[in-house]
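# Structural overview for review
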Amino acid sequence: MLSVLIISVFAGFLGSLTGLGGGSIMIPVLATFGVPVKYAIAASMVTIIATSSGSAASYVKERITNVKTAFYLEMFTIVGAIIGATITSFIAPRFLYFFFAGFLLTSFLGLSGHLRGELPKRVKQDRFSKWLELDGGYYDEAAKKEVSYKLKNALLGGPCMLIAGLAAGMLGIGAGAFKVSIHELILKMPSKVSTTTSNFIIGITALAGASVYFGSGLLFVGLAAPMAVGTTVGALMGGRILNRLPNRLVRYLFLVIVVALIAQMLYQGITSI
Amino acid sequence: MKRVLSEEKLDSLISYILIFGVLASVAVEIVGIADYHSSSGNLNILFQHSFAMKGTNFFSYAGELFQELSMGSWSPMQVLGLGIVVLMLTPYVRVVASVLYFSLVRNPKYLLITLFVLIVLTASLLQL
(Lines give C-alpha, C1' and ligand atoms only; values in the text may rest on other atoms or scores of the structure.)
Protein backbone atom coordinates (compact mmCIF):
# COMPACT_ATOMS: atom_id res chain seq x y z
CA MET A 1 0.00 0.00 0.00
CA LEU A 2 2.87 2.36 0.79
CA SER A 3 4.33 1.97 -2.72
CA VAL A 4 0.88 2.51 -4.27
CA LEU A 5 0.42 5.58 -2.07
CA ILE A 6 3.76 7.11 -3.11
CA ILE A 7 3.30 6.29 -6.81
CA SER A 8 -0.24 7.72 -6.65
CA VAL A 9 1.04 11.02 -5.27
CA PHE A 10 3.41 11.28 -8.28
CA ALA A 11 0.69 10.16 -10.70
CA GLY A 12 -1.80 12.65 -9.27
CA PHE A 13 0.83 15.40 -9.41
CA LEU A 14 1.87 14.69 -13.02
CA GLY A 15 -1.72 14.01 -14.06
CA SER A 16 -2.79 17.38 -12.74
CA LEU A 17 0.16 19.22 -14.37
CA THR A 18 -0.31 17.65 -17.79
CA GLY A 19 -4.10 17.44 -17.76
CA LEU A 20 -3.95 13.68 -18.32
CA GLY A 21 -5.47 12.87 -14.93
CA GLY A 22 -4.09 10.46 -12.33
CA GLY A 23 -5.87 7.38 -13.71
CA SER A 24 -4.24 7.51 -17.15
CA ILE A 25 -0.83 7.41 -15.47
CA MET A 26 -1.60 5.02 -12.61
CA ILE A 27 -3.06 2.17 -14.68
CA PRO A 28 0.01 1.61 -16.92
CA VAL A 29 2.33 2.00 -13.91
CA LEU A 30 0.38 -0.54 -11.84
CA ALA A 31 0.33 -2.91 -14.84
CA THR A 32 4.14 -2.64 -14.96
CA PHE A 33 4.28 -3.78 -11.34
CA GLY A 34 2.16 -6.83 -12.14
CA VAL A 35 -1.21 -5.62 -10.86
CA PRO A 36 -3.96 -7.21 -13.02
CA VAL A 37 -5.13 -4.49 -15.40
CA LYS A 38 -8.82 -4.98 -14.57
CA TYR A 39 -8.15 -4.42 -10.85
CA ALA A 40 -6.13 -1.30 -11.71
CA ILE A 41 -8.95 0.03 -13.90
CA ALA A 42 -11.59 -0.60 -11.21
CA ALA A 43 -9.51 1.09 -8.49
CA SER A 44 -8.73 4.01 -10.78
CA MET A 45 -12.43 4.53 -11.45
CA VAL A 46 -13.03 5.12 -7.72
CA THR A 47 -9.94 7.31 -7.44
CA ILE A 48 -11.24 9.58 -10.19
CA ILE A 49 -14.32 10.38 -8.08
CA ALA A 50 -12.01 11.90 -5.45
CA THR A 51 -9.80 13.97 -7.77
CA SER A 52 -12.67 15.14 -9.95
CA SER A 53 -14.99 16.05 -7.05
CA GLY A 54 -12.18 17.78 -5.17
CA SER A 55 -11.31 20.13 -8.00
CA ALA A 56 -14.90 20.50 -9.25
CA ALA A 57 -16.04 21.84 -5.87
CA SER A 58 -14.30 25.21 -6.15
CA TYR A 59 -15.18 25.78 -9.83
CA VAL A 60 -18.87 25.09 -9.14
CA LYS A 61 -18.84 27.60 -6.31
CA GLU A 62 -17.12 30.21 -8.50
CA ARG A 63 -19.89 29.51 -11.06
CA ILE A 64 -17.48 28.77 -13.92
CA THR A 65 -18.89 25.27 -14.33
CA ASN A 66 -22.10 25.16 -16.34
CA VAL A 67 -24.07 22.88 -14.05
CA LYS A 68 -27.18 22.63 -16.26
CA THR A 69 -25.15 21.58 -19.30
CA ALA A 70 -23.34 19.06 -17.07
CA PHE A 71 -26.66 17.57 -15.93
CA TYR A 72 -27.79 17.16 -19.54
CA LEU A 73 -24.52 15.59 -20.72
CA GLU A 74 -24.29 13.29 -17.69
CA MET A 75 -27.38 11.42 -18.93
CA PHE A 76 -25.23 10.16 -21.79
CA THR A 77 -21.88 9.67 -20.04
CA ILE A 78 -23.30 7.49 -17.23
CA VAL A 79 -25.01 5.16 -19.70
CA GLY A 80 -21.77 4.98 -21.69
CA ALA A 81 -19.72 4.29 -18.54
CA ILE A 82 -22.02 1.45 -17.48
CA ILE A 83 -21.74 -0.15 -20.93
CA GLY A 84 -17.95 0.39 -21.00
CA ALA A 85 -17.36 -1.07 -17.52
CA THR A 86 -19.56 -4.05 -18.38
CA ILE A 87 -17.46 -4.71 -21.51
CA THR A 88 -14.25 -4.54 -19.42
CA SER A 89 -15.66 -6.99 -16.88
CA PHE A 90 -16.04 -9.61 -19.63
CA ILE A 91 -13.32 -9.14 -22.26
CA ALA A 92 -9.79 -10.55 -22.17
CA PRO A 93 -7.30 -8.15 -20.48
CA ARG A 94 -4.98 -8.07 -23.54
CA PHE A 95 -7.57 -6.09 -25.51
CA LEU A 96 -7.66 -3.48 -22.76
CA TYR A 97 -3.94 -2.73 -23.18
CA PHE A 98 -4.46 -1.94 -26.87
CA PHE A 99 -7.65 0.06 -26.31
CA PHE A 100 -5.87 2.02 -23.59
CA ALA A 101 -2.89 2.81 -25.82
CA GLY A 102 -5.25 3.83 -28.64
CA PHE A 103 -7.36 6.07 -26.44
CA LEU A 104 -4.30 7.81 -25.01
CA LEU A 105 -3.86 9.27 -28.49
CA THR A 106 -6.99 11.37 -27.88
CA SER A 107 -5.00 13.19 -25.17
CA PHE A 108 -3.26 15.00 -28.03
CA LEU A 109 -6.60 16.69 -28.77
CA GLY A 110 -5.76 18.90 -25.80
CA LEU A 111 -2.81 20.28 -27.74
CA SER A 112 -4.85 20.91 -30.87
CA GLY A 113 -4.92 24.43 -32.23
CA HIS A 114 -8.73 24.41 -32.33
CA LEU A 115 -8.89 24.30 -28.58
CA ARG A 116 -7.96 26.76 -25.87
CA GLY A 117 -8.47 29.62 -28.27
CA GLU A 118 -10.58 32.71 -27.90
CA LEU A 119 -14.19 32.73 -26.91
CA PRO A 120 -16.54 31.36 -29.56
CA LYS A 121 -18.10 34.32 -31.36
CA ARG A 122 -21.59 34.78 -32.79
CA VAL A 123 -22.94 31.40 -31.75
CA LYS A 124 -26.40 30.91 -33.24
CA GLN A 125 -28.23 28.77 -30.76
CA ASP A 126 -30.51 26.02 -32.11
CA ARG A 127 -33.99 25.45 -30.68
CA PHE A 128 -33.16 22.36 -28.65
CA SER A 129 -30.12 23.95 -26.96
CA LYS A 130 -32.21 27.04 -26.21
CA TRP A 131 -35.00 24.88 -24.77
CA LEU A 132 -32.42 23.21 -22.52
CA GLU A 133 -31.32 26.68 -21.32
CA LEU A 134 -27.71 25.92 -22.33
CA ASP A 135 -26.18 29.32 -21.77
CA GLY A 136 -24.38 31.06 -18.96
CA GLY A 137 -21.86 33.61 -17.79
CA TYR A 138 -18.86 33.87 -15.53
CA TYR A 139 -16.28 36.41 -14.45
CA ASP A 140 -13.00 35.88 -16.31
CA GLU A 141 -10.15 36.77 -13.94
CA ALA A 142 -7.53 36.98 -16.73
CA ALA A 143 -9.62 39.17 -19.04
CA LYS A 144 -11.07 41.09 -16.06
CA LYS A 145 -14.57 41.03 -17.50
CA GLU A 146 -17.89 39.23 -17.30
CA VAL A 147 -18.21 36.67 -20.09
CA SER A 148 -21.60 35.46 -21.30
CA TYR A 149 -22.06 32.68 -23.83
CA LYS A 150 -24.60 30.45 -25.57
CA LEU A 151 -24.16 26.81 -26.52
CA LYS A 152 -25.37 24.95 -29.60
CA ASN A 153 -25.66 21.42 -31.07
CA ALA A 154 -26.91 19.79 -27.85
CA LEU A 155 -28.60 17.07 -29.93
CA LEU A 156 -25.25 15.97 -31.39
CA GLY A 157 -23.17 16.67 -28.28
CA GLY A 158 -25.19 14.26 -26.11
CA PRO A 159 -24.56 11.08 -28.12
CA CYS A 160 -20.89 12.05 -28.57
CA MET A 161 -20.61 12.18 -24.77
CA LEU A 162 -21.93 8.61 -24.68
CA ILE A 163 -18.73 7.57 -26.48
CA ALA A 164 -16.65 9.57 -23.98
CA GLY A 165 -18.46 7.83 -21.12
CA LEU A 166 -17.95 4.44 -22.73
CA ALA A 167 -14.20 4.97 -23.00
CA ALA A 168 -14.02 6.32 -19.44
CA GLY A 169 -15.94 3.38 -17.96
CA MET A 170 -14.08 0.82 -20.02
CA LEU A 171 -10.56 2.11 -19.31
CA GLY A 172 -10.97 3.57 -15.80
CA ILE A 173 -9.98 7.08 -16.87
CA GLY A 174 -11.62 10.50 -16.93
CA ALA A 175 -11.33 10.90 -20.73
CA GLY A 176 -11.09 14.64 -20.03
CA ALA A 177 -9.37 15.67 -23.29
CA PHE A 178 -12.04 13.86 -25.32
CA LYS A 179 -14.88 15.45 -23.32
CA VAL A 180 -13.33 18.92 -23.58
CA SER A 181 -13.03 18.50 -27.38
CA ILE A 182 -16.75 17.71 -27.65
CA HIS A 183 -17.63 20.69 -25.46
CA GLU A 184 -15.51 23.12 -27.45
CA LEU A 185 -15.80 21.84 -31.01
CA ILE A 186 -19.45 20.74 -31.02
CA LEU A 187 -21.18 22.69 -28.24
CA LYS A 188 -18.99 25.79 -28.72
CA MET A 189 -18.26 26.10 -25.02
CA PRO A 190 -15.62 28.61 -23.82
CA SER A 191 -12.38 26.89 -22.73
CA LYS A 192 -12.59 27.61 -19.03
CA VAL A 193 -16.21 26.50 -18.82
CA SER A 194 -15.37 23.43 -20.87
CA THR A 195 -12.53 22.18 -18.63
CA THR A 196 -14.41 22.77 -15.40
CA THR A 197 -17.69 21.31 -16.68
CA SER A 198 -15.80 18.24 -17.91
CA ASN A 199 -14.28 17.85 -14.44
CA PHE A 200 -17.73 17.99 -12.88
CA ILE A 201 -19.10 15.33 -15.25
CA ILE A 202 -16.09 13.02 -14.74
CA GLY A 203 -17.06 12.37 -11.09
CA ILE A 204 -20.56 11.10 -11.80
CA THR A 205 -19.36 9.13 -14.84
CA ALA A 206 -16.74 7.46 -12.65
CA LEU A 207 -19.41 6.54 -10.09
CA ALA A 208 -21.46 4.84 -12.84
CA GLY A 209 -18.39 2.83 -13.91
CA ALA A 210 -17.41 2.03 -10.32
CA SER A 211 -20.90 0.68 -9.59
CA VAL A 212 -20.38 -1.96 -12.30
CA TYR A 213 -16.89 -2.86 -11.01
CA PHE A 214 -18.32 -3.19 -7.50
CA GLY A 215 -20.84 -5.74 -8.81
CA SER A 216 -18.16 -7.61 -10.77
CA GLY A 217 -16.00 -8.09 -7.66
CA LEU A 218 -13.08 -6.24 -9.30
CA LEU A 219 -12.90 -3.49 -6.69
CA PHE A 220 -10.22 -4.08 -4.05
CA VAL A 221 -10.24 -1.61 -1.15
CA GLY A 222 -6.56 -2.31 -0.39
CA LEU A 223 -5.68 -0.91 -3.82
CA ALA A 224 -8.36 1.76 -4.25
CA ALA A 225 -7.87 3.40 -0.82
CA PRO A 226 -4.16 4.35 -1.09
CA MET A 227 -4.71 5.34 -4.73
CA ALA A 228 -7.56 7.69 -3.77
CA VAL A 229 -5.52 9.34 -1.00
CA GLY A 230 -2.32 9.57 -3.07
CA THR A 231 -3.81 10.97 -6.28
CA THR A 232 -5.94 13.50 -4.37
CA VAL A 233 -2.88 14.81 -2.51
CA GLY A 234 -0.79 14.76 -5.72
CA ALA A 235 -3.46 16.55 -7.76
CA LEU A 236 -3.73 19.22 -5.08
CA MET A 237 0.04 19.79 -5.22
CA GLY A 238 0.05 19.81 -9.03
CA GLY A 239 -2.77 22.35 -9.18
CA ARG A 240 -0.84 24.66 -6.87
CA ILE A 241 2.34 24.84 -8.94
CA LEU A 242 0.86 24.58 -12.45
CA ASN A 243 0.60 28.35 -12.90
CA ARG A 244 4.25 28.80 -11.92
CA LEU A 245 5.62 26.48 -14.63
CA PRO A 246 6.37 27.64 -18.17
CA ASN A 247 3.91 26.30 -20.78
CA ARG A 248 6.72 24.82 -22.85
CA LEU A 249 7.92 22.65 -19.94
CA VAL A 250 4.36 21.42 -19.31
CA ARG A 251 4.00 20.48 -22.99
CA TYR A 252 7.31 18.58 -23.07
CA LEU A 253 6.36 16.78 -19.89
CA PHE A 254 3.02 15.89 -21.45
CA LEU A 255 4.63 14.52 -24.64
CA VAL A 256 7.22 12.43 -22.79
CA ILE A 257 4.63 10.95 -20.43
CA VAL A 258 2.02 10.16 -23.10
CA VAL A 259 4.59 8.51 -25.39
CA ALA A 260 5.96 6.46 -22.47
CA LEU A 261 2.47 5.37 -21.39
CA ILE A 262 1.47 4.35 -24.93
CA ALA A 263 4.71 2.38 -25.36
CA GLN A 264 4.21 0.68 -21.99
CA MET A 265 0.61 -0.36 -22.73
CA LEU A 266 1.53 -1.62 -26.22
CA TYR A 267 4.39 -3.64 -24.71
CA GLN A 268 2.05 -5.13 -22.07
CA GLY A 269 -0.50 -5.96 -24.78
CA ILE A 270 2.03 -7.61 -27.10
CA THR A 271 3.68 -9.66 -24.34
CA SER A 272 0.31 -10.86 -23.05
CA ILE A 273 -0.68 -12.44 -26.41
CA MET B 1 -39.74 29.64 -3.50
CA LYS B 2 -37.96 30.26 -6.81
CA ARG B 3 -36.43 33.49 -5.56
CA VAL B 4 -35.29 31.96 -2.27
CA LEU B 5 -33.69 28.98 -4.02
CA SER B 6 -31.54 30.62 -6.67
CA GLU B 7 -29.15 28.63 -8.86
CA GLU B 8 -26.27 30.14 -6.87
CA LYS B 9 -27.61 28.29 -3.83
CA LEU B 10 -27.64 25.00 -5.74
CA ASP B 11 -24.05 25.61 -6.86
CA SER B 12 -22.96 26.35 -3.29
CA LEU B 13 -24.76 23.29 -1.96
CA ILE B 14 -23.17 21.03 -4.60
CA SER B 15 -19.76 22.53 -3.83
CA TYR B 16 -20.12 21.83 -0.08
CA ILE B 17 -21.33 18.26 -0.72
CA LEU B 18 -18.34 17.53 -2.97
CA ILE B 19 -15.69 19.04 -0.72
CA PHE B 20 -17.10 17.50 2.47
CA GLY B 21 -17.44 14.06 0.83
CA VAL B 22 -13.88 14.04 -0.51
CA LEU B 23 -12.32 15.31 2.73
CA ALA B 24 -14.30 12.84 4.87
CA SER B 25 -13.39 9.95 2.61
CA VAL B 26 -9.67 10.80 2.48
CA ALA B 27 -9.61 11.19 6.29
CA VAL B 28 -11.26 7.78 6.77
CA GLU B 29 -8.85 6.17 4.27
CA ILE B 30 -5.84 7.56 6.14
CA VAL B 31 -7.19 6.16 9.42
CA GLY B 32 -7.85 2.82 7.66
CA ILE B 33 -4.33 2.59 6.23
CA ALA B 34 -2.78 3.41 9.64
CA ASP B 35 -5.07 0.87 11.33
CA TYR B 36 -4.17 -1.77 8.73
CA HIS B 37 -0.46 -1.19 9.35
CA SER B 38 -0.76 -1.35 13.13
CA SER B 39 -2.83 -4.54 13.10
CA SER B 40 -0.98 -6.53 10.42
CA GLY B 41 2.52 -5.03 10.74
CA ASN B 42 2.74 -4.48 6.98
CA LEU B 43 0.95 -2.71 4.15
CA ASN B 44 0.71 -5.58 1.67
CA ILE B 45 -2.17 -5.56 -0.78
CA LEU B 46 -3.85 -8.95 -1.07
CA PHE B 47 -5.78 -9.72 -4.25
CA GLN B 48 -7.90 -12.46 -2.73
CA HIS B 49 -11.63 -12.54 -3.31
CA SER B 50 -12.27 -12.02 0.41
CA PHE B 51 -10.61 -8.58 0.08
CA ALA B 52 -12.77 -7.44 -2.82
CA MET B 53 -15.73 -5.15 -2.15
CA LYS B 54 -18.66 -7.42 -2.77
CA GLY B 55 -22.23 -7.58 -1.55
CA THR B 56 -25.74 -8.22 -2.82
CA ASN B 57 -25.57 -4.62 -3.97
CA PHE B 58 -23.74 -1.40 -3.06
CA PHE B 59 -26.44 -0.14 -0.69
CA SER B 60 -26.68 -3.41 1.26
CA TYR B 61 -22.85 -3.47 1.49
CA ALA B 62 -22.89 0.12 2.81
CA GLY B 63 -25.75 -0.66 5.22
CA GLU B 64 -24.02 -3.72 6.67
CA LEU B 65 -20.78 -1.76 7.00
CA PHE B 66 -22.44 1.11 8.88
CA GLN B 67 -24.24 -1.39 11.11
CA GLU B 68 -21.04 -3.22 12.07
CA LEU B 69 -19.14 0.02 12.61
CA SER B 70 -21.91 1.39 14.84
CA MET B 71 -21.69 -1.76 16.94
CA GLY B 72 -18.03 -0.96 17.55
CA SER B 73 -16.55 -4.02 15.86
CA TRP B 74 -14.52 -3.27 12.79
CA SER B 75 -11.49 -4.46 10.89
CA PRO B 76 -9.04 -2.18 9.04
CA MET B 77 -10.47 -3.47 5.74
CA GLN B 78 -13.92 -2.33 6.83
CA VAL B 79 -12.59 1.14 7.64
CA LEU B 80 -11.01 1.30 4.17
CA GLY B 81 -14.32 0.06 2.73
CA LEU B 82 -16.11 2.85 4.59
CA GLY B 83 -13.82 5.44 2.96
CA ILE B 84 -14.68 4.08 -0.49
CA VAL B 85 -18.40 4.01 0.35
CA VAL B 86 -18.30 7.68 1.47
CA LEU B 87 -16.43 8.56 -1.73
CA MET B 88 -18.92 6.76 -3.97
CA LEU B 89 -21.86 8.31 -2.12
CA THR B 90 -20.48 11.85 -2.64
CA PRO B 91 -21.53 12.37 -6.30
CA TYR B 92 -24.68 10.32 -5.63
CA VAL B 93 -25.76 12.72 -2.87
CA ARG B 94 -25.16 15.74 -5.14
CA VAL B 95 -27.53 14.18 -7.71
CA VAL B 96 -30.15 13.62 -4.98
CA ALA B 97 -29.70 17.27 -3.89
CA SER B 98 -30.15 18.43 -7.50
CA VAL B 99 -33.35 16.40 -7.92
CA LEU B 100 -34.74 17.96 -4.72
CA TYR B 101 -33.70 21.44 -5.87
CA PHE B 102 -35.39 21.18 -9.28
CA SER B 103 -38.55 19.76 -7.72
CA LEU B 104 -38.66 22.66 -5.23
CA VAL B 105 -38.17 25.34 -7.90
CA ARG B 106 -40.63 23.48 -10.15
CA ASN B 107 -38.35 23.10 -13.15
CA PRO B 108 -39.84 19.97 -14.79
CA LYS B 109 -37.21 19.84 -17.55
CA TYR B 110 -34.25 19.55 -15.23
CA LEU B 111 -36.21 17.55 -12.68
CA LEU B 112 -36.65 14.86 -15.36
CA ILE B 113 -33.00 15.08 -16.46
CA THR B 114 -31.61 14.76 -12.92
CA LEU B 115 -34.21 12.09 -12.07
CA PHE B 116 -33.05 10.06 -15.07
CA VAL B 117 -29.44 10.28 -13.83
CA LEU B 118 -30.54 9.29 -10.30
CA ILE B 119 -32.60 6.30 -11.51
CA VAL B 120 -29.83 4.96 -13.76
CA LEU B 121 -27.22 5.32 -10.99
CA THR B 122 -29.50 3.75 -8.37
CA ALA B 123 -30.31 0.82 -10.66
CA SER B 124 -26.63 0.27 -11.36
CA LEU B 125 -25.68 0.49 -7.66
CA LEU B 126 -28.49 -1.97 -6.87
CA GLN B 127 -27.01 -4.32 -9.51
CA LEU B 128 -30.37 -4.49 -11.31
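All values reported here derive from a predicted model rather than from experimental measurement.

### Some words on the overall build of chain A
When its secondary structure is counted, chain A shows 11 helices and 2 strands. Seen in sequence order, chain A has helices and strands lined up from the N terminus as α-α-α-α-α-α-β-β-α-α-α-α-α. The C-alpha radius of gyration computed for chain A amounts to 18 Å, which stays within 12% of the reference 19 Å derived for 273 residues, consistent with globular compactness. Over its C-alpha atoms, taken along the principal directions, chain A stretches across nearly 50 × 40 × 30 Å. Within chain A, the fraction of its 273 residues that count as buried is 58%. Long-range pairs, those at least 24 residues apart, make up 82% of the contacts in chain A between residues at least 6 apart in sequence.

### Here's the deal with the overall build of chain B
Scanning chain B from terminus to terminus reveals 4 helices and 0 strands. For chain B, the sequential pattern of α-helices and β-strands runs α-α-α-α. When each of the 128 residues of chain B is scored for burial, the buried share is 36%. Here the analysis covers contacts within chain B between residues at least 6 apart in sequence; of these, 67% occur between residues at least 24 apart.

### Some points on helix α2 (residues 22-32) of chain A
Residues and elements named next belong to chain A. With 9 of 11 residues buried, α2 is to be regarded as a mostly interior element. Within α2, the full set of buried residues consists of G22, G23, S24, I25, M26, I27, P28, L30 and A31. Positive backbone phi, approximately 85°, marks G34, located one or two places after α2.

### Quick word on the interface of chain B and chain A
Each side of the interface is counted separately: chain B has 48 residues, and chain A has 44 residues. Mapped onto the side of chain B that touches chain A, the elements with two or more residues apiece are α1 (7-40), α3 (76-104) and α4 (108-125) of chain B. No other element matches the 16 residues that α1 of chain B contributes to the side of chain B that touches chain A. In the side of chain B that touches chain A, the residues fall into 31 nonpolar, 13 polar and 4 charged.

### What about the confidence of the model for chain A?
Confidence along chain A averages 85 in pLDDT terms, with 95% of residues attaining 70 or more. Within chain A, helix α4 (residues 67-90) of chain A carries the highest mean pLDDT (95), whereas helix α1 (residues 2-18) of chain A carries the lowest (81).

### What to know about the nonpolar core
Ranked by internal contacts, the top residues of the largest apolar core, which has 124 residues, are A43, V46, A210, L219 and A224 of chain A together with I84 and M88 of chain B. For this core, the leading source of residues is helix α3 (residues 37-61) of chain A, giving 15 residues. Ignoring sequence-local partners within four residues, the contact set of V46 of chain A consists of A210, L219, A224 and A228 of chain A together with I84, L87 and M88 of chain B.

### Structural notes on the packing of α1 of chain B against α3 of chain B
Residue and element names in this part refer to chain B. The geometry of α1 relative to α3 is characterised by a closest axis approach of 7 Å and an angle of 175° between their N-to-C directions. Of the possible angle classes, the one that applies to α1 and α3 is roughly antiparallel. Residue composition of the contact of α1 with α3, by class: 20 nonpolar, 7 polar and 3 charged.

### What to know about the pairing of strand β2 (residues 145-150) of chain A
The element β2 of chain A is largely exposed, with a buried count of 0 among its 6 residues. A loop of 4 residues connects strand β1 (residues 135-140) of chain A with β2 of chain A, the two strands running antiparallel in sequence, and K144 of chain A in this loop sits at a positive phi of about 55°.

### A closer look at the pairing of β1 of chain A
Strand direction decides the pairing type here: β1 of chain A and β2 of chain A, joined by 6 bridges, are antiparallel. Within the sheet, the bridge partner assigned to D140 of chain A lies in β2 of chain A and is K145 of chain A.

### A word on the packing of α3 of chain B against α4 of chain B
Helix-helix packing is described using two parameters, namely the angle between the two axes and the distance between the axes. Residues and elements named next belong to chain B. Contact pair α3 / α4: the axes reach a minimum separation of 9 Å and the direction vectors enclose 150°. Considering the angle they form, α3 stands roughly antiparallel to α4. As for how α3 packs across α4, the hand of that crossing is left-handed. Residues Y92, V95, V96, S98, V99, F102 and S103 of α3 touch α4, and the partners they reach there are Y110, L111, T114, L115, V117, L118 and L121. Residue composition of the contact of α3 with α4, by class: 11 nonpolar, 3 polar and no charged.

### Here we look at the environment of V258 of chain A
All names here are of chain A. The topology assignment puts V258 in helix α11 (residues 247-271). Placed 257 residues apart in sequence, V258 and M1 show a C-alpha to C-alpha distance of 25 Å. When neighbours within four sequence positions are excluded, V258 is seen to be in contact with L20, L104 and S107.

### Here we look at α3 of chain B
Along an α-helix, residues three or four apart share an orientation, since each turn contains 3.6 residues. Residues and elements named next belong to chain B. Here α3 spans 41 Å end to end across 29 residues, near enough to the 42 Å set by a 1.5 Å rise per residue. At T90, α3 is deflected by roughly 30°, the largest bend along its length, and proline P91 occurs up to four residues later in sequence. Taking burial as the measure, the 29 residues of α3 include 21 buried ones, the bulk of the element.

The rules behind the values
Residues numbered from 1 in each chain as written. Chains lettered and ligands numbered in written order. Predicted model: local features only at pLDDT ≥ 70, side-chain atom pairs only at ≥ 80, totals over all residues. Helix = DSSP H or I, 4+ residues; strand = E, 2+ residues; numbered from the N terminus. Rg over C-alpha atoms; globule rule 2.2 N^0.38 Å. Buried ≥ 20, exposed ≤ 12 C-beta atoms within 10 Å, placed from the backbone. Contact = placed C-beta atoms within 7 Å. Nonpolar A, V, L, I, M, F, W, Y, C, P; charged D, E, K, R; others polar. pLDDT = per-residue confidence, 0-100. Core = buried A, V, L, I, M, F, W, Y, C linked by C-beta atoms within 7 Å. Axes fitted to C-alpha atoms, helices over the stretch in contact; angles between N-to-C directions. Parallel < 35°, antiparallel > 145°, perpendicular 65-115°, else oblique. Pairing = 2+ DSSP bridges. Left-handed = near helix turned anticlockwise from the far one by under 90°. Expected span 1.5 Å × (residues − 1). Bend = angle between axes of the 7 residues up to and from the residue.

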